[in-house]
Amino acid sequence: MNNFLSMLALPLQQDGIPIADDPIIIAFGAAYLLVVLAIGAWGWMQTESTSDFLITGKSIGTWVLAMTAFSVIQSGFGFVGGPELVYSFGTTALWIFFTAPLGFLLTWIVLAKRMRLLADIRNVLTLADATYVRYESEWVRGLTGFAVALGVVAYLAVNLAALQFVMRAIFGIPLIWGLLGGALILLLYSMLGGMIAGVWTDFLQAITMIIGAVFVFAYAMSFGGGMENISQNLASADPALVSPFGALGGPETAILVGVAWWVLFSVGAAGQPHLITKFYMSRDMTILKWGAPIAAISYAISSMIAFSAGFSMRAMVEAGQISETFSPSEVGPVFVLDHTGSIIAGLILAALLAAIMSTSDSFLNIGAAAISRDIPRALGHPITDDQTELRVTQAALAGLTVLATVVVFYSQALVGILGAISWGFFAAAFVPVVVFGLNWKGARKEGAIAALVVGMIFNIVYNAIPEIAAVTGTEWLNEAIMATYPYPAAVPAEAIALLVAMVVFIFVSLLTQATEDERAVPADLHALFER
């Protein structure tokens, strides 16, 4: 295998993570894997239809819904990507973690009631079902399904990239085997349990992560000598690390980055299909009321892992107290293994396994549904038998898992940056189409089509192609692409794509209103626009 990898000259990261040789940590990890697989098997026994598999048959209560919503956003990104970004760029990353809770509140306000109403008014199981119902356009349905499938591959890659580090930390296996083994376990879990298993695993790991985050924060503050000492060490090395906008780019660029991330992670939350389709699952609309503050507060607490571990580790490196024998992607696992107690380390790492599994399960379900349900329907060839559709959905899980594994295998991007790109892809594609569409009667199918196409193309050109160029060594392609980008390279293109897609949606919708039938919104959907 090693000779094979050498022949391909793959850019795999080195195994610099300390290995847990503590039986307590290993026992936690093994026990959590067994629990996750058991939940998957239980979910399989509860799943009788595509509706059960994708939206749990509308059976979820307030606390489970809120915890699932927060944990599906946090997952591996929060533990691996979060500390990585804080360690690398200082306070720049806080524009993500302090903004995301606002995103939950905005998403609940503009979409929770409307998405749940749709599930009562029409037979909607996926996001593409919702966009079709709103715009009555197969083009919109097909483009939505295509965008979901593309975004899921990138999002799933984020979690698999984090999974390889967690598997390495707990079981001491090489990263490549952590990636392949973790992907296999994930596939088995997802094919068994569907969304029912994912929701209950989300709930379990959400509680575990909240408890663990409080302990990690306390350990990190103690390790770094308190926030004042941490800040002084960071400021001595680079004042930008503790400045309001951080150290990603120069002073002016850092401001643009902070503002861009603020827009992306507040407004962009309402475009995440793995979050907003959770509203379909609510038992009824009355339980939606308290979901937003529960999800927002839970996310904020869990984010203490990212900024406390990232800051304290960077401060101790800059002070010469510890050696930098790890990469930024390894900061979270290294801190937990080396600087917390066995029980806390076992709890956190085990919860991360569950988080990655359940979050990836959500991605796989919506991506597989796009392939088996949304795109065929848009092409005029729907699968009419429910059991056949369920089996095709499960088969599509395998293809997506393999594709995402390949992306992780070759990608050189930081986990945190890859997570931001994935988030931005969905935000640009779906914030205009879904948020504007379900809140504005003047929204038109032409505007939706234009926004979907522009949002996807912008992200592919300025995010996917440069990443491909980096892997293939075609630097000239990256230079040619970025020469047309009107902002500094550090400014996330995904935020600009979101703003551009929103403007395009509004402009095209207004431009085409005169040519539309006066009854732009079907009669049974009028309830969506009532306050």
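Position numbers for residues count from 1 along each chain, tracking the sequence in the order it is written. Residue-level local features of this predicted model are given only where pLDDT is at least 70; pairs of side-chain atoms are given and counted only at 80 or more, and the full residue set underlies all totals for whole chains, interfaces and linings. With hydrogens and water excluded, all non-hydrogen atoms of the structure serve as input to the side-chain values.

Asker: So what's going on with unusual backbone geometry? Which residues, and what values?
Answerer: One non-glycine residue, Glu 136, adopts positive backbone phi at about 50°. Locating Glu 136 in the fold gives a position in the loop between helix H7 (127–135) and helix H8 (138–171). Relative accessibility decides the category of a residue: with a 1.4 Å probe and only protein chains considered, values under 20% of the type maximum give buried, values over 50% give exposed, and everything between is partly exposed. On the basis of relative accessibility, which here comes to 45%, the residue Glu 136 falls in the partly exposed class. Numbering of helices and strands starts at the N terminus; helices are DSSP runs of H or I of at least 4 residues and strands are runs of E of at least 2.

Asker: How would you summarise the confidence of the model for the protein chain if you had to cite specific residues and measurements?
Answerer: Interpreting fine coordinate detail is not advised for predicted regions of low pLDDT. Values of pLDDT, the confidence the predictor places in each residue, fall between 0 and 100. Summary statistics for the protein chain give a mean pLDDT of 80 and a share of 85% for residues scoring 70 or more. Whether two residues are in contact is decided by their heavy atoms, any of which lying within 4.5 Å being enough. Here residues 1–15 is modelled with pLDDT under 50, and outside its nearest four sequence neighbours on either side it reaches 22 contacts, counting other chains as well.

Asker: Just give me the short version of H7, but keep the residues and values in it.
Answerer: With 8 of 9 residues buried, H7 lies mostly within the body of the structure. All of the buried residues along H7 are Leu 127, Ala 128, Asp 129, Ala 130, Thr 131, Val 133, Arg 134 and Tyr 135. A distance of 3.5 Å separates the backbone nitrogen of Ala 128 from a side-chain oxygen at the start of H7, and that oxygen is part of Thr 126. Glu 136 sits one or two residues past H7 and shows a positive phi near 50°. Within 3.5 Å is the distance limit for a polar contact, defined as a pair of N or O atoms, with the added protein rule that one can donate a hydrogen and the other accept it, and that residues adjacent in sequence qualify only through two side-chain atoms.

Asker: So what about the nonpolar core? Which residues, and what values?
Answerer: By nonpolar core we mean a set of buried residues, namely Ala, Val, Leu, Ile, Met, Phe, Trp, Tyr and Cys, connected to one another through side-chain atoms within 4.5 Å. Membership of the largest hydrophobic core comes to 162 residues, with the highest contact counts inside it found for Phe 104, Trp 108, Leu 111, Met 115, Leu 160, Leu 349 and Phe 430. Among the elements that make up this core, the one with the highest residue count is H8 (18 residues). If near-sequence neighbours (up to four positions away) are discounted, Trp 108 is found in contact with Ala 66, Ala 69, Phe 279, Leu 288, Gly 291, Ala 292 and Ala 295.

Asker: Can you lay out the side chain of Gln 272 for me, pointing to particular residues and giving the numbers?
Answerer: Structurally, the position occupied by Gln 272 is in the loop between helix H11 (251–266) and helix H12 (273–276). Among the polar contacts listed, one links the side chain of Gln 272 to the backbone oxygen of Gly 268, at a separation of 2.9 Å.

Asker: Got a sec to walk through the packing of helix H6 (residues 100–121) against H11? Specific residues and values, please.
Answerer: It is the contact of H6 with H11, at a shortest axis distance of 7 Å, that shows an interaxial angle of 40°. In terms of axis orientation, H6 runs oblique to H11. Note on packing geometry: the crossing formed by H6 with H11 is right-handed. On H11, the residues that touch Ala 100, Leu 102, Gly 103 and Leu 106 of H6 are Trp 262, Phe 265 and Ser 266. Here an angle of 0 to 180 degrees is reported between the N-to-C directions of two axes, which are lines fitted to C-alpha atoms, with helices fitted over the stretch in contact. Here is the rule for angles: anything less than 35 degrees is roughly parallel, anything more than 145 is roughly antiparallel, 65 through 115 is roughly perpendicular, and the remaining ranges are oblique. Each crossing is labelled by how the near helix is turned from the far one, with a counterclockwise turn of less than a right angle marking it left-handed and a clockwise turn marking it right-handed.

Asker: How would you explain the packing of aromatic side chains if you had to name every residue and give the values?
Answerer: Side-chain rings of Phe, Tyr and Trp, where Trp is taken by its six-membered ring, are said to pair if the distance between their centres is within 6.5 Å; with planes under 30 degrees apart they count as stacked, over 60 as edge-to-face, and otherwise as tilted. In this structure the tally under the stated criterion is 14 aromatic pairs. With 6.3 Å between their ring centres and 65° between their planes, Trp 440 and Phe 505 make a pair best called edge-to-face. In this pair, Trp 440 sits in the loop between helix H18 (415–436) and helix H19 (445–472) while Phe 505 sits in helix H21 (residues 493–512), placing the two residues 65 residues apart along the sequence. Taken together, Phe 458, Tyr 462, Tyr 485 and Tyr 487 form an aromatic cluster joined through their ring pairs. Here, over-ring charges are defined by two tests on the NZ atom of lysine or the CZ atom of arginine: distance to the ring centre within 6 Å, and angle to the ring normal within 35 degrees. Sitting above the plane of the Tyr 132 ring, Arg 141 keeps its charged end 4.0 Å from the centroid. Note that Arg 314 overlies the ring of Tyr 87, its terminal NZ or CZ placed 5.6 Å from the centroid.

Asker: Can you explain the environment of Val 406? Please cite residues and give values.
Answerer: Here Val 406 shows up in helix H17 (residues 386–410). Put simply, Val 406 and Leu 180 are 226 residues apart on the chain and 9.9 Å apart in space, counted from C-alpha to C-alpha.

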